[in-house]
Amino acid sequence: MAGIKALVGLSFSGAIGLTFLMLACGLEQFGVYWPLFVLMFYVVSPIPHFIAKRIGDDSDAASSACRELAYFFTTGIVVSAFGMPIILARVNVIAWGACGLVLAGNAVIFLTILGFFLVFGRSDDFNWEQW
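Residues numbered from 1 in each chain as written. Predicted model: local features only at pLDDT ≥ 70, side-chain atom pairs only at ≥ 80, totals over all residues. Heavy atoms only, no water.

### Regarding the layout of surface pockets
For step 1, the next point in the chain: Here the second largest pocket is characterised by a volume of approximately 180 Å³.
For step 2, the next point in the chain: As for the second largest pocket, its lining consists of Leu10, Ser11, Gly14, Leu18, Leu39, Tyr42, Ile109, Thr112, Ile113, Phe116 and Phe117.
For step 3, the next point in the chain: The set of elements that each furnish at least two residues to the lining of the second largest pocket consists of helix H1 (2–26), helix H2 (38–44) and helix H5 (96–120).
For step 4, the next point in the chain: Per element, the largest residue contribution to the lining of the second largest pocket is five residues, and it comes from H5.
For step 5, the next point in the chain: Residues belonging to the lining of the second largest pocket are distributed by class as follows: eight nonpolar, three polar and no charged. (1 Å grid on protein atoms, 1.4 Å probe; cavity = no way out; pocket = protein on both sides within 12 Å on 5 of 7 lines; lining within 4 Å. Points joined across faces, edges and corners; volume = space filled by probe spheres on them. Helix = DSSP H or I, 4+ residues; strand = E, 2+ residues; numbered from the N terminus. Nonpolar A, V, L, I, M, F, W, Y, C, P; charged D, E, K, R; others polar.)

Here it is, written out as structure tokens:
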């Protein structure tokens, strides 16, 4: 039952983050949809972790080169997701208010993705096949 509560909480926080993003695009005073390009970063950010987990060795070493490279690429993706709306606001493509809403949405969404990996990424008794 704890897995279901965590999943519902993560879904709720993801919905809040996407609401911030939609507000940044859809409010009348902002009215441009360029901030939606951060959705690409949300989709791409877990991919290095999945690849590293799949091809990495199963040793419990404190560090592996594959895992560290995945952390590096994930960090680059997350920093890019925070940097893109700032650059768009700096060149007056989007308003600074929209930039603030996108940054708030980014923080919530990336914390939700991190929470997902912390809750469901451990190798204990949770199995996706039970769904």
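### Section: the UniProt feature "transmembrane region" (unreviewed entry) in the chain
For step 1, the next point in the chain: The UniProt feature table records "transmembrane region" (unreviewed entry) at residues 7–24, 30–48, 69–88 and 94–120.
For step 2, the next point in the chain: End-to-end, the C-alpha atoms of residues 94–120 are 36 Å apart, and along that stretch the chain is 93% helix and 0% strand. (UniProt positions renumbered as here; feature names shortened; annotations may be inferred.)

### Things to note about the packing of helix H3 (residues 47–55) against helix H4 (residues 65–90)
For step 1, the next point in the chain: Packing of H3 against H4 brings their axes to within 8 Å, and their N-to-C directions diverge by 175°. Judged by the inter-axis angle, H3 sits roughly antiparallel to H4. Residue-level contacts link Pro48, His49, Ala52 and Ile55 of H3 to Cys66, Arg67, Ala70, Phe73, Thr74 and Ile77 of H4. (Axes fitted to C-alpha atoms, helices over the stretch in contact; angles between N-to-C directions. Parallel < 35°, antiparallel > 145°, perpendicular 65-115°, else oblique. Contact = heavy atoms within 4.5 Å.)

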